[in-house]
Amino acid sequence: MRIRFWRPALSVVVVLCNMPREARRTLYSLSMRYQRGIGEGDYEVIVVDNGSVPPYPTAEIPGLVGRFEHLYVDPAPPSPAHAINLGLRRARGEYVGVMIDGARIASPGLVHYALRAFRAFQNPVVTALAWHLGPDIHRRAIAKYGYDQRTEDRLLEGIRWPDAGYRLFEIASFAGSSQGGWFAPKAESSSLFLRRTSFERLGGYDERFDQPGGGLVNADTYIRACELPDSELVVLLGEGTFHQMHSGVMTGATEEEARRRLAAWIAQYEAIRKTPPRAPDKVPHYLGHIPPAALPSLLASVEAALGRRERGEVRDARPAEAP
């Protein structure tokens, strides 16, 4: 009798560390109960716990329907690069997605449209915009508005999440890496999807980026992926990942702390790559749809793009302000 081994089309690697409140929502947003237009056999989720104390109890998440695998790293280095590479080695899909930050809620069509991109393009670099829940990126929202986790919980209750997943756009702001909107160059990707063979060509995430939070390892991987000679950049319209409030290395920092850390990250990047970090010079393709809740951000993005054109700006060379 021939034994058949199941293999998903897509593997999604998610890294988390000491974020039980946020991880519960993130992982639910990647489950079959939440993602639309996708079958259980189409994808798997590999959760890599990078040294949480105590380890995150993945099995306790109610309604976590789908194929989830849980790995625990101990001892865990300060950078998530090793944890990501561990997840990449365990991934079985022909295509692989990486969410470096387990505090990010996915939009309901992220997995579906990522898979459609692989059907439409030969070797795509697939990404979606990054957002922060609340009125501004979190360190500024804290200082300006007194934003906190209780406020965020009330916002999510107010839009009836998770039942109305696309309403996340109503209560979110562009993250630093996506501050130019849908039609501006991106400094990095908080939800990066590549063919497995492309990750292998890159050698995975470069573990020389060993600072807490990984420094610019996320930006580095995205830049190098876009530089692959046969790659095509695909931005998913109407999808995104939404960062929740927690004590992250950068997003939980003050403005002064953020400036110091970013300077150290840029210095490490330049020491490794011998060049300053720059947004990839890659013309994107767009795939997806625009849910009604995302229309205001689409309009703002068009206006911002027209403004850049009038000023003669063709690219944004700055590294990410915040992931």
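Everything discussed here concerns the structure shown above.
Report follows, based on the coordinates. Since we're looking at a predicted model, the values are computed, not measured.

**Looking at the overall build of the chain**
Part 1 of the argument: Within the chain, the secondary structure is distributed over nine helices and 10 strands.
Part 2 of the argument: Taking 323 residues into account, the globule formula puts the C-alpha radius of gyration at 20 Å, and the chain, at 18 Å, falls close to it.
Part 3 of the argument: Over its C-alpha atoms, taken along the principal directions, the chain stretches across nearly 70 × 45 × 40 Å.
Part 4 of the argument: Counting every position in the chain, which comprises 323 residues, the buried fraction comes to 57%.
Part 5 of the argument: Expressed as a percentage of contacts within the chain between residues at least 6 apart in sequence, the contacts between residues at least 24 apart total 82%.

**Brief notes about the pattern of salt bridges**
Part 1 of the argument: Applying the stated criterion across every chain yields a total of 18 salt bridges.
Part 2 of the argument: Close ionic contact of Arg167 with Glu170 constitutes a salt bridge, the shortest N to O distance being 3.0 Å.
Part 3 of the argument: When the shortest N-O distance is used, the salt bridge between Arg208 and Asp206 registers 2.8 Å.
Part 4 of the argument: Among the residues examined, Arg208 registers a relative accessible area of 47% and is labelled partly exposed.
Part 5 of the argument: One salt-bridge network, in which partners are shared between bridges, spans Arg21, Glu22, Arg25, Glu152 and Asp153.

**Topic: the environment of Gly288**
Part 1 of the argument: Here Gly288 lies in strand β10 (residues 285-288).
Part 2 of the argument: Residues Gly288 and Leu236, spaced 52 residues apart in sequence, show a C-alpha to C-alpha distance of 5.5 Å.
Part 3 of the argument: Setting aside residues up to four positions removed in sequence, Gly288 forms contacts with Tyr113 and Leu237.

**What to know about the pairing of strand β3 (residues 68-72)**
Part 1 of the argument: Because side chains alternate across β3, one face comprises the buried residues Glu69 and Leu71, and the other comprises Phe68, His70 and Tyr72, none of which is buried.
Part 2 of the argument: Bridge analysis of strand β2 (residues 43-49) against β3 gives five bridges, and the strand direction is parallel. By the bridge assignment for β3, Val45 is matched with Phe68.

**Looking at the nonpolar core**
Part 1 of the argument: Within the largest apolar cluster, 60 residues are counted, with the highest numbers of intra-cluster contacts made by Leu133, Leu168 and Tyr205.
Part 2 of the argument: Looking at this core, the element that brings in the most residues is helix α7 (residues 217-227), giving six residues.
Part 3 of the argument: Counting residues in hydrophobic clusters, the runner-up holds 32 residues, among them Ala103, Val111, Phe118 and Val126.

**Section: the packing of aromatic side chains**
Part 1 of the argument: Summed over all chains, the structure comprises 13 aromatic pairs.
Part 2 of the argument: Through a chain of ring-to-ring contacts, the aromatic side chains of Trp131, Phe169, Phe174, Trp182 and Phe242 assemble into a single cluster.

**With respect to the side chain of Gln211**
Part 1 of the argument: Tracing the chain through its elements places Gln211 in the loop between α6 (196-202) and α7.
Part 2 of the argument: Polar contacts involving the side chain of Gln211 include one to the main-chain carbonyl oxygen of Ala264, which spans 3.4 Å.
Part 3 of the argument: Those residues within four positions of Gln211 in sequence are excluded, and the remaining contacts are Pro78, Ser79, Ala264, Trp265 and Gln268.

**Thoughts on α7**
Part 1 of the argument: Among the 11 residues that make up α7, 10 are buried, leaving the element largely enclosed by the rest of the structure.
Part 2 of the argument: Within the span of α7, buried status applies to Val217, Asn218, Ala219, Asp220, Thr221, Tyr222, Ile223, Arg224, Ala225 and Cys226.
Part 3 of the argument: Those residues of α7 hidden inside the fold are in contact with α2 (81-90), β6 (124-133), β8 (192-195), α6, β9 (232-243) and α8 (255-273).

**Points about the environment of Thr151**
Part 1 of the argument: Mapped onto the fold, Thr151 is located in helix α5 (residues 149-158).
Part 2 of the argument: When its relative accessible area of 23% is taken as the criterion, Thr151 is described as partly exposed.
Part 3 of the argument: Sequence spacing of Thr151 and Glu255 is 104 residues, and the spatial spacing of their C-alpha atoms is 21 Å.

**Things to note about unusual backbone geometry**
Part 1 of the argument: The peptide bond linking Val53 to Pro54 adopts the cis configuration, its omega dihedral lying at -5 degrees.
Part 2 of the argument: If you trace the backbone, Pro54 turns up in the loop between β2 and β3.
Part 3 of the argument: For the peptide bond that leads from Asp74 to Pro75, omega is 0 degrees, which places it in the cis range.
Part 4 of the argument: Here Pro75 is to be found in the loop between β3 and α2.
Part 5 of the argument: Although it is not a glycine, Arg160 sits at a positive phi angle of roughly 60 degrees.
Part 6 of the argument: You can see Arg160 is positioned in the loop between α5 and β7 (172-174).
Part 7 of the argument: Exposure remark for Arg160: the relative accessible area of 48% places this residue in the partly exposed category.

About the cut-offs
Residues numbered from 1 in each chain as written. Predicted model: local features only at pLDDT ≥ 70, side-chain atom pairs only at ≥ 80, totals over all residues. Heavy atoms only, no water. Helix = DSSP H or I, 4+ residues; strand = E, 2+ residues; numbered from the N terminus. Rg over C-alpha atoms; globule rule 2.2 N^0.38 Å. Buried < 20%, exposed > 50% of the residue type's maximum accessible area, 1.4 Å probe, protein only. Contact = heavy atoms within 4.5 Å. Salt bridge = Lys/Arg side-chain N within 4 Å of Asp/Glu carboxyl O. Pairing = 2+ DSSP bridges. Core = buried A, V, L, I, M, F, W, Y, C linked by side-chain atoms within 4.5 Å. Phe/Tyr/Trp six-rings, centres within 6.5 Å; stacked < 30°, edge-to-face > 60°. Polar contact = N/O pair within 3.5 Å; in protein donor to acceptor, adjacent residues only side chain to side chain.

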